[in-house]
Amino acid sequence: MSGHFLLLNLKTPELNDIKRAWTAQNVKQPQLSPVQHPNVGWNATSRNTLQQAQTEQGIKNRDGLPPHIYLDFGVNEINDNAVQYLLSNSIDNGWVTRLQKPPHMGLKEITVNARNEWNQTRKAQAFIKQLRENGVTLEIYYLDGAEIK
């Protein structure tokens, strides 16, 4: 499994804000996955693999990545409040500004429309289009700056 986007670090207040923004009738809140790769652990090798995954060279496979979690947003599970929240977090170091999509990390492909927005550095619009068309999964390695265990 992999995410569509990498968000290295998510802060608890950001997670709480996300949950609040997705509180509406007929909209499901994003779901956190159980920890992935717990058997790999955090060590010099797994930290190096994560660092290498974020470079142009990338990694050959994802097996050596350290423990991480996913935050899954269901297909078209978004309303106007959530859209405004995403847009407000696409400035001033909001979590949307920290989204990454390293080319050789083995992340899931995004839709053509989302890719077009991403290529124009419109991260919030890419996220919204991906969510509406095929859902979004964020891949997270740190919570409040601490390694996911």
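Please refer to the structure placed before this passage.
Residues numbered from 1 in each chain as written. Predicted model: local features only at pLDDT ≥ 70, side-chain atom pairs only at ≥ 80, totals over all residues. Heavy atoms only, no water.

Peer 1: Please set out the packing of helix α4 (residues 112-119) against helix α5 (residues 123-134) residue by residue, giving values where relevant.
Peer 2: Their axes nearest at 7 Å, the elements α4 and α5 cross at an angle of 175°. Here α4 lies roughly antiparallel to α5, going by the angle between them. Taking contact as the criterion, the partners of Asn113, Ala114, Glu117 and Trp118 in α4 are, on α5, Lys123, Gln125, Ala126, Lys129, Gln130 and Glu133. Considering only residue class, the contact of α4 with α5 consists of three nonpolar, three polar and four charged. (Axes fitted to C-alpha atoms, helices over the stretch in contact; angles between N-to-C directions. Helix = DSSP H or I, 4+ residues; strand = E, 2+ residues; numbered from the N terminus. Parallel < 35°, antiparallel > 145°, perpendicular 65-115°, else oblique. Contact = heavy atoms within 4.5 Å. Nonpolar A, V, L, I, M, F, W, Y, C, P; charged D, E, K, R; others polar.)

Peer 1: So what about the sheet that holds strand β5 (residues 136-140)? Which residues, and what values?
Peer 2: Pairing is mixed across the open sheet formed by four strands, whose spatial order is β1-β5-β4-β3. The open sheet has two free edges, formed respectively by β1 (5-6) and β3 (31-32), since each of these has just one partner strand. For β3 and strand β4 (residues 69-73), the ladder comprises two bridges, and the chain directions are antiparallel. Bridge assignment links Gln31 to a residue of β4, and that residue is Asp72. On the sheet, α5 packs against β1, β4 and β5 and is oriented at approximately 125° with respect to β5. (Pairing = 2+ DSSP bridges.)

Peer 1: Provide a residue-level description of the pattern of salt bridges, including the pertinent values.
Peer 2: Considering all chains together, one arrives at eight salt bridges under this definition. Of the charged contacts in the structure, one is a salt bridge between Glu109 and Arg115, with a shortest N-O distance of 3.8 Å. For Arg115, a relative accessible area of 26% puts it in the partly exposed group. Via salt bridges that share partners, Arg47, Glu147 and Lys149 belong to a single interconnected network. (Salt bridge = Lys/Arg side-chain N within 4 Å of Asp/Glu carboxyl O. Buried < 20%, exposed > 50% of the residue type's maximum accessible area, 1.4 Å probe, protein only.)

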